[in-house]
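If you want the building blocks of each chain, they are given just below.
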Amino acid sequence: MKEYPPVNLAVNSETAMVTPRVAVILPCYNEAGAIVQTVEDFRQALPAADIYVFDNNSSDGSRDLAARAGAIVRCVGQQGKGHVVRRMFADVDADIYIMADGDATYEAAAAPAMIAAMLEDNLDMVVGCRREEADAAYRRGHRFGNWALTSLLKQLFGRSFTDILSGYRVFSRRFVKSFPVLSAGFEIETEISVHALELAMPVAEVMTAYGARPEGSVSKLSTYRDGFRILRTIITLYRIERPVLFFGIIATFLAALGLGLAAPLIVTYLHTGLVPRFPTAILVTGLMILATLSTMCGLILDTVVRGRREVRRLAYLAFRAPSDFARRD
């Protein structure tokens, strides 16, 4: 990965140099043991940035702790990280957005280098690839899910990310304001990655440290529940992004089953001129009709996907490039 020197975001009052408006956006749900440290770490790394904590119905006082630490606190009533990200992207106005979790596991000191990468190469997203600093940093099954989604996206789009499930990302304004958040839960990271790959946005990755949660902070992830979510996400990605492939597989299965059942009937007909098993013949006819309908659905939905992608691209192009932060939309 390319190395980037950290960027200085302090405002120079003597030269009146224009600097990008940076917002740190932190989703938070019952992170009383870590939210203060997270806010302080990002305040030290980015003194000029606005730090927002979007509290998602915490019951342990996280909201008050974040406010006392100097963060701008907002409340989100709908439960789920996807709902929180939707509100963060809609409510916060900035030139550069830094999203991380409120559990103090991500390396705040890497943020200036990630911003430098964005401005230098005019990128729309920089992903903080996690490098484990402790054996307990990754949960059981997390590596497999990460590998599965990474492999899938590479197959679908021809490229992918090293750490597809990383919650540590830097976004440009045009990414945030053109991204229609549809997810409700922790699958939001996958949706973010798909949005970038779908529109062929310029992106990069920066290696960052990833540590274990502080004492008293408990993970909200569930190995099996989130594993099923990952599996559902994989199936949904195939259906939405590659409908010809998805429905083509169904059509091929139905057609193969139909031909397998029809083979004995065809042989009998060639020898006797008769079709002795009408129920089987009717079943074969139905299977072939379903196979044809599945093929047509794939072709029609492929046209819909292309049209949707064009609309997203136009919405994306309506906003300025990251390095053009001096111009206000």
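What you are looking at is a predicted structure, and each value in this text was computed from that prediction instead of being measured.

Undergrad: Please clarify how the overall build of the chain should be interpreted in this entry.
TA: From N to C terminus, the chain includes ten helices and seven strands. Considering only intrachain contacts with a sequence separation of at least 6, the fraction spanning at least 24 residues in the chain is 76%. Here the chain displays about 16200 Å² of accessible surface, and carbon together with sulfur accounts for 61% of that area.

Undergrad: Sorry if this is basic, but what is going on with the pairing of strand E4 (residues 96-99) here?
TA: Every second residue of E4 is oriented toward a common face, with Ile-96 and Ile-98 on one face and Tyr-97 and Met-99 on the other, all of them buried. Here four bridges tie strand E1 (residues 22-28) to E4, and the two strands are oriented parallel to one another. By the bridge assignment, Val-24 is partnered in E4 with Ile-98. Both E4 and strand E6 (residues 169-172) contribute to a ladder of four bridges, which runs antiparallel. Across the sheet, residue Tyr-97 finds its bridge partner in E6, namely Phe-171.

Undergrad: Would you explain a nonpolar patch on the surface in this entry?
TA: Side chains of Val-244, Met-296, Leu-299, Ile-300, Leu-301 and Val-304 sit close together on the surface and give an oily, nonpolar patch of about 500 Å² of accessible area. Sorting elements by how many residues they give to the nonpolar patch places helix H10 (residues 278-317) first, with five residues. Among the secondary structure elements, Ile-300 is positioned in helix H10.

Undergrad: How do you make sense of helix H7 (residues 188-198) when you look at a structure like this?
TA: At 3.6 residues per turn, the α-helix brings residues three or four places apart onto the same side. Counting buried positions along H7 gives eleven out of eleven residues, so the element sits mostly inside the fold. Within H7 the residues assigned to the buried category are Ile-188, Glu-189, Thr-190, Glu-191, Ile-192, Ser-193, Val-194, His-195, Ala-196, Leu-197 and Glu-198. Trailing H7 by a residue or two, Ala-200 shows a phi angle of about 55 degrees, which is positive.

Undergrad: What is the right way to read the pairing of strand E2 (residues 50-55) from this model?
TA: Here is the key point about a regular strand: its side chains alternate between the two faces of the sheet. With respect to burial, E2 is a largely interior element, five of its six residues being buried. Strand direction decides the pairing type here: E1 and E2, joined by six bridges, are parallel. Bridged to Val-24 within E2 is Ile-51. As for the winding sense of the linkage, the β-α-β connection from E1 through helix H1 (residues 35-45) to E2 is right-handed. Across four bridges, the pairing between E2 and strand E3 (residues 72-75) is parallel. Residue pairing in the sheet places Phe-54 in a bridge with Arg-74 of E3. Following the chain from E2 across helix H2 (residues 62-68) to the adjacent parallel E3, one finds a crossover that is right-handed.

Parameters at a glance
- Residues numbered from 1 in each chain as written.
- Predicted model: local features only at pLDDT ≥ 70, side-chain atom pairs only at ≥ 80, totals over all residues.
- Heavy atoms only, no water.
- Helix = DSSP H or I, 4+ residues; strand = E, 2+ residues; numbered from the N terminus.
- Contact = heavy atoms within 4.5 Å.
- Areas by Shrake-Rupley, 256 points an atom, 1.4 Å probe, with all protein chains shown as cover.
- Buried < 20%, exposed > 50% of the residue type's maximum accessible area, 1.4 Å probe, protein only.
- Pairing = 2+ DSSP bridges.
- Patch = residues over 30% accessible without salt bridge, like charges linked within 9 Å, V, L, I, M, F, W, Y side chains within 5 Å.
- Salt bridge = Lys/Arg side-chain N within 4 Å of Asp/Glu carboxyl O.
- Right-handed = clockwise from strand over helix to strand, strands pointing away.

In short, geometric facts, not functional conclusions.
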